[in-house]
Amino acid sequence: TAALHCTDTASRALDLGNLLLSDTGRSFLANAKLLGGAEWLERVEQTADAVRGWAAERGVVLEAVCVSGGAMREAFGLPPSQVSLLVAAEFLARVSNADRREWRIDAHSTRLAEADDAIYDPERHTLLYGVKFLSLDELLQLDERAEGTGVVVEDGEAAAEK
C-alpha cells in the first residue's frame, strides 16, 4: 500500500490499486467514503489493536477472526454499529459467554451463511492493520438478513423488533 500513498493524484492511486489489489481491496478503494479521515483510521487501528489483543489472550489465531461491524461500516457510509466479530467454528469453544456479549460474536453468525467462508475467503473481507474486516457486499448482506429476521439495529445495537 505504500506505493498507493506515494502517488501524486487520487486517480493515479486508483490506477495502481487496480493493478495491485484484490477485487475486495479495489472495492474498498472505490466505495469507501472515509468521511472521518484520520480520526476514522485511528478508530480502525484501535479496533485492530483490540481484536489482536483479544485473540492473543484467548489463543485464537488472528486469521480465524473477522470484524463484522464498527468503524468499517462508517467507511461505506452505512450507519455505525458496535464492533462485532465472526470467529471460525474451530475456535468458538475458546470464546466465553462474556466475550460473546461484549464482541457480539453470535449476533451475525446466524445471519451470515458460511461464516467460516467469509473469514477465510479473501474476496469477502479486506485486511487493515493486520486484521480482517468484512467487505461492503458482506456488510450489506448482513443488513438484508437482519431486516428479514425481525432484528432491528438501533444505535448500533441489535434489538428485538417491537
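As shown above, the structure is provided for reference.
Every chain begins its residue count from 1, and numbering advances along the sequence as written. A pLDDT threshold of at least 70 governs which residues receive local features in this predicted model, and a stricter bar of 80 or more applies before side-chain atom pairs are shown or counted, although totals over entire chains, interfaces and linings include all residues. For side-chain calculations, the full set of non-hydrogen atoms in the structure is used, while hydrogens and water are omitted.

1. A word on the environment of Glu114
Secondary structure elements are defined from DSSP: runs of H or I of at least 4 residues count as helices, runs of E of at least 2 residues count as strands, and each element is numbered from the N terminus. With respect to the helices and strands, Glu114 occurs in the loop between helix 7 (105-109) and helix 8 (115-120). Among the residues examined, Glu114 registers a relative accessible area of 52% and is labelled exposed. A sequence separation of 26 residues divides Glu114 from Ala88, and the C-alpha atoms of the two residues are 9.7 Å apart. Throughout, exposure labels follow a simple rule: accessible area from a 1.4 Å probe, protein chains only, divided by the maximum for the residue type, with under 20% read as buried, over 50% as exposed, and the rest as partly exposed.

2. Details of the pattern of salt bridges
Any two side chains of opposite charge can pair, given that their charged atoms come close. Salt bridges are counted wherever a side-chain nitrogen of Lys or Arg sits within 4 Å of a carboxyl oxygen of Asp or Glu. Inspection of the entire model under this criterion finds four salt bridges. Residue Asp49 pairs with Arg52 through a salt bridge whose shortest N-O separation is 2.2 Å. Separated by three residues within a single helix, Asp49 and Arg52 lie in helix 4 (residues 38-58), roughly one turn from each other. Judged by its relative accessible area of 40%, Asp49 is partly exposed. A residue is classified by how much of its surface remains accessible, and Arg52, at 30% relative accessible area, is partly exposed. Taking the shortest distance from any N to any O, the salt bridge between Arg58 and Glu57 comes out at 3.1 Å. With a relative accessible area of 26%, Arg58 lands in the partly exposed category. By relative accessible area, Glu57 is classed as exposed at 67%. What emerges from the salt-bridge pattern is a single network uniting Glu57, Arg58 and Asp99.

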